[in-house]
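Understanding the architecture of this molecule
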Amino acid sequence: MIEEQALIDFVTNQRWFGSKTRDVIHASVIDAAVLRDTEPRLELQLVEIRFDTGTHETYQLLTDDGGFDAIGDPRQVRELVHMMRGSARVPAGDGVVEFATAQGSTGIASELREARQISGEQSNTSIVFDEQLILKVFRRLEAGINPELELLRFLTERGFENIAQLAGWYAYGGKQMDATLGILQQFVPTGQDGWERALDAIVAHDEAVLDTLRRLGEVTGKMHTVLASDTADPNFAPEETSAESLGLLTATVDEEIESVFTDLPEDADAWRQTLAWLD
């Protein structure tokens, strides 16, 4: 039996707990599934955190016999990928945990060796395997299919190459809720934040950034073409845009552009000159 205060203390002290300013009055494991019953034992738990306002949040824990969180153990996180490879289906108390591979994916065919946890993340926990795959474990759970999974699956199944393609995922379905628990996709070790890259290039007056932006526009257009390619899928089938919604979108973009210029510091002449150069 898990001692409630110990569970509260553990969850509320994690980086991925997003409600640190709220008063927690109750915590309990509302469902659990034993993913491996041999050593090292691995159990998935859904933990409900209740606040004094009457609201609650649900979090995912992966536990072993030694504590509340086993995700730092490479053997344990590799087990999650193995279960995706085998399309495992594990019963929980009031539901089931299902593991799956993406259609057409070959990303998890080989045996995994090294695993390292990415530091600095706030809301999730991510593990990189052999610098080839990355597993994102969702800590705070939201009901329904995670939009990231939905988009990655759609684009991967249709052969869109300009993404870190989906390799697999796992999810919970049951009395408590239906929720995506984690996704596995290709890892891009040379990936760079696009916004930071653009800012560095602008400051350096690197005209090559214009070619990069042009290519980005081409890829974005191709992506939207793929997203609109399946009229039979109600989640992605294109809809006619009304004049009202188009006008609202245009006004929103104009406001954001104006806000960028308004928020520039007083000594930002160099920025303004750079923006004029881009124009």
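Residues numbered from 1 in each chain as written. Predicted model: local features only at pLDDT ≥ 70, side-chain atom pairs only at ≥ 80, totals over all residues. Heavy atoms only, no water.

A look at the pattern of salt bridges
- A complete count under the given rule lists 14 salt bridges for this structure.
- Between Arg36 and Glu79 there is a salt bridge, and its shortest N-O distance comes to 2.9 Å. Placement of Arg36 in strand β1 (residues 24-36) and of Glu79 in helix α2 (residues 74-85) is noted, with a sequence separation of 43 residues between them.
- Judged by its relative accessible area of 13%, Arg36 falls in the buried class.
- Its salt-bridge partner being Arg158, residue Asp230 comes within 2.9 Å of it at the nearest N-O pair. Here Asp230, found in the loop between α5 (208-227) and α6 (243-262), pairs with Arg158, found in the loop between α3 (147-157) and β10 (166-174); they are 72 residues apart in sequence, far enough to count as distant.
- Each of Arg22, Glu57, Arg140 and Glu142 takes part in salt bridges that share partners, so that together they form one network. (Salt bridge = Lys/Arg side-chain N within 4 Å of Asp/Glu carboxyl O. Helix = DSSP H or I, 4+ residues; strand = E, 2+ residues; numbered from the N terminus. Buried < 20%, exposed > 50% of the residue type's maximum accessible area, 1.4 Å probe, protein only.)

Concerning the sheet that holds strand β8 (residues 133-138)
- Pairing is antiparallel in the open sheet, where 7 strands are placed in the order β4-β5-β10-β11-β8-β7-β6. Here the strands that pair on one side only, and so sit at the sheet edges, are β4 (89-91) and β6 (115-117). Each strand of the sheet is rotated relative to its neighbour by a mean of 15°, with strand direction disregarded.
- As paired elements, strand β7 (residues 124-129) and β8 share 6 bridges and run antiparallel to each other. Bridge pairing links Ile127 to Leu135 in β8.
- Lying over the sheet, α2 contacts β4, β5 (95-101), β6, β7, β8, β10 and β11 (178-186), oriented at roughly 80° with respect to β5. (Pairing = 2+ DSSP bridges. Axes fitted to C-alpha atoms, helices over the stretch in contact; angles between N-to-C directions. Contact = heavy atoms within 4.5 Å.)

Here we look at the sheet that holds strand β2 (residues 42-51)
- Ordered by their spatial adjacency, 4 strands build an open sheet running β1-β2-β3-β9, and the pairing between neighbours is antiparallel. The open sheet terminates on both sides in strands that have one partner only, identified here as β1 and β9 (140-141).
- Bridge count for β1 against β2 is 10 bridges, and the pairing is antiparallel. Its bridge partner lying in β2, Ala33 is registered against Leu44.
- Across the face of the sheet, helix α1 (residues 4-12) comes into contact with β1, β2 and β3 (56-63) while running at roughly 85° to β1.

Side note on the pairing of β3
- With 7 of its 8 residues buried, β3 lies for the most part within the structure.
- Across 8 bridges, β2 lies against β3 in antiparallel orientation. Across the sheet, residue Ile49 finds its bridge partner in β3, namely Glu57.
- What sits between the antiparallel neighbours β2 and β3 is a turn of 4 residues, in which Gly54 has the positive phi angle 95°.
- Inspection of the sheet shows β3 paired to β9 by 2 bridges, in the antiparallel sense. When the bridges of β9 are listed, Thr58 appears paired with Leu141.

A few points about a nonpolar patch on the surface
- Taken together, the side chains of Leu246, Leu249, Val253 and Ile257 make up a nonpolar region of the molecular surface, amounting to roughly 350 Å² of accessible area.
- With respect to the helices and strands, the residue Val253 is situated in helix α6. (Patch = residues over 30% accessible without salt bridge, like charges linked within 9 Å, V, L, I, M, F, W, Y side chains within 5 Å. Areas by Shrake-Rupley, 256 points an atom, 1.4 Å probe, with all protein chains shown as cover.)

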